[in-house]
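Residues per chain are reported as follows:
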Amino acid sequence: MAQVKIYGLRTHLEPIKTHLSDAIHQCLIKAFNLPENKRFHRFIALDTSDFIYPEDRSDKYTILEIIMFEGRSVESKKRLIGLLYERLASSFGISAQDLEMVMLESPRHNWGIRGLPGDELTLNYRVNV
């Protein structure tokens, strides 16, 4: 399980939302071996008055917040970070200066999914990658 929140200016995110979601999910598949059909993305598109950031960022400034089951290796998380920086720069012109991300891990028993605690779910993929 990995849920992604994407924060940015509405004027930047709206035109690229679908393709950006595709790119982020492909990086998650490659780094974490997530199944193709396990995409949970939320876009938080903000007006300029609601998104305050340093002057050395551009209007493409984007924040990714990835909330996931705990258990993934440091190597797979670093691979994801590298893939996201590379893919979002090459596909959308979001520079390393304009992209920040954080991964937050939570024990499976802290999740409620399909009527069950997360640690009682049977998954069709591995979390420990």
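Residues numbered from 1 in each chain as written. Predicted model: local features only at pLDDT ≥ 70, side-chain atom pairs only at ≥ 80, totals over all residues. Heavy atoms only, no water.

**Side note on the pattern of salt bridges**
- According to the stated counting rule, one finds 7 salt bridges in the structure shown.
- Between Lys 17 and Glu 14 there is a salt bridge; the shortest N-O distance is 3.3 Å. Here Lys 17 pairs with Glu 14, and both are found in helix α1 (residues 10-32), just 3 residues apart, close to one helical turn.
- You can call Glu 14 partly exposed: its relative accessible area is 38%.
- One salt bridge connects Arg 57 with Glu 100, and the closest N-O pair in it is separated by 2.7 Å. Taken together, the residues Arg 57 in the loop between β2 (41-46) and β3 (62-69) and Glu 100 in strand β4 (residues 99-106) connect sequence positions 43 residues apart.
- When its relative accessible area of 30% is taken as the criterion, Glu 100 is described as partly exposed. (Salt bridge = Lys/Arg side-chain N within 4 Å of Asp/Glu carboxyl O. Helix = DSSP H or I, 4+ residues; strand = E, 2+ residues; numbered from the N terminus. Buried < 20%, exposed > 50% of the residue type's maximum accessible area, 1.4 Å probe, protein only.)

**Concerning the pairing of β4**
- Alignment of β3 against β4, held across 8 bridges, turns out to be parallel. Its bridge partner lying in β4, Phe 69 is registered against Ser 106.
- One crossover worth recording links β3 to the parallel β4 by way of helix α2 (residues 74-92), and it is right-handed. (Pairing = 2+ DSSP bridges. Right-handed = clockwise from strand over helix to strand, strands pointing away.)

**Observations regarding the side chain of His 41**
- Looking at the secondary structure, you find His 41 in strand β2.
- Looking at His 41, its side chain comes within polar contact range of the side chain of Ser 21, at 2.8 Å.
- Discounting residues that sit within four places of it in the chain, His 41 has contacts with Val 4, Ile 6, Ser 21, Ile 24, His 25 and Leu 28. (Polar contact = N/O pair within 3.5 Å; in protein donor to acceptor, adjacent residues only side chain to side chain. Contact = heavy atoms within 4.5 Å.)

**Overview of the environment of Val 127**
- Position of Val 127 among the secondary structure elements: in the segment after β6 (116-117).
- Between the C-alpha atom of Val 127 and that of Asn 37, which follows or precedes it by 90 residues, the distance is 15 Å.
- If we skip the residues at most four places from it in the chain, Val 127 touches Phe 69, Glu 70, Gly 71 and Arg 72.

**Quick word on unusual backbone geometry**
- Unlike most non-glycine residues, Asn 33 shows phi in positive territory, near 60°.
- Mapped onto the elements of the fold, Asn 33 is located in the loop between α1 and β2.
- Although it is not a glycine, Arg 114 adopts a positive phi angle of roughly 50°.
- On the basis of relative accessible area, Arg 114 is assigned to the exposed category, the value being 60%.

**Focus: the sheet that holds β4**
- Sheet architecture is open: 4 strands sit in the order β2-β1-β3-β4, paired in mixed fashion. Edge strands, defined here as strands with exactly one partner in the open sheet, are β2 and β4. Each adjacent strand pair in this sheet contributes to an overall mean axis angle of 15°, direction not counted.
- The sheet contacts of α1 involve β1 (2-9), β2, β3 and β4, and relative to β2 the element is tilted by about 150°. (Axes fitted to C-alpha atoms, helices over the stretch in contact; angles between N-to-C directions.)

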